[in-house]
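# An overview of the molecular structure
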Amino acid sequence: MAADAAVVLAVVTSIPATAPVVDGMPPDSVDRISAPLWLFTCWTDSSFGLPRPTGWERFLITDRVLVEPMFHLACTPYALAHAIAAARPAPAAVPGPEPVPAPA
């Protein structure tokens, strides 16, 4: 969830929501309605058969913010392992052997 929010923030800050169409070329903008799919779009370069994000929007997203989703993908296992280790209870103290008195 945090990785998805980070990608949404990266796309929103680097790609405008609206841009004019110039000479028949698609606008350099991304429709905000498909924001929940941007992380998966960066990882798979697919819109899963949905109308948004379009091919041009996928290109813009993966071209401008590809590093951040890959960073989150690489760090997720470590963060998950740390969270699991922190949630485990501390091991019970195992009583050690009693000291043997030295002969006098």
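Note that the coordinates shown come from a computational prediction; the quantities given were computed from them, not determined experimentally.

A surface patch of nonpolar side chains, amounting to about 540 Å² of accessible area, comprises F40, W43, F48, L50, M70 and L73. At the level of elements, helix 2 (38–44) and helix 4 (67–87) are the ones that each hand at least two residues to the nonpolar patch. Within the element layout of this structure, F48 appears in the loop between helix 2 and helix 3 (55–64).

All right, on to unusual backbone geometry then. Residue P53 is reached from R52 by a cis peptide bond, and omega for that bond is -10°. The residue P53 is located in the loop between helix 2 and helix 3 in this model. Residue F48 is not a glycine yet carries a positive backbone phi of 60°.

Let us look at the packing of aromatic side chains. Scanning the entire structure with this criterion turns up 2 aromatic pairs. Plain terms: the ring middles of F40 and F48 are 6.4 Å apart, the flat faces sit at 75° to each other, and that makes the pair edge-to-face. Assessed through its relative accessible area of 39%, F40 is described here as partly exposed. The class for F48 is partly exposed, based on a relative accessible area of 46%.

What counts, and at which threshold
- Residues numbered from 1 in each chain as written.
- Predicted model: local features only at pLDDT ≥ 70, side-chain atom pairs only at ≥ 80, totals over all residues.
- Heavy atoms only, no water.
- Patch = residues over 30% accessible without salt bridge, like charges linked within 9 Å, V, L, I, M, F, W, Y side chains within 5 Å.
- Areas by Shrake-Rupley, 256 points an atom, 1.4 Å probe, with all protein chains shown as cover.
- Salt bridge = Lys/Arg side-chain N within 4 Å of Asp/Glu carboxyl O.
- Helix = DSSP H or I, 4+ residues; strand = E, 2+ residues; numbered from the N terminus.
- Phe/Tyr/Trp six-rings, centres within 6.5 Å; stacked < 30°, edge-to-face > 60°.
- Buried < 20%, exposed > 50% of the residue type's maximum accessible area, 1.4 Å probe, protein only.

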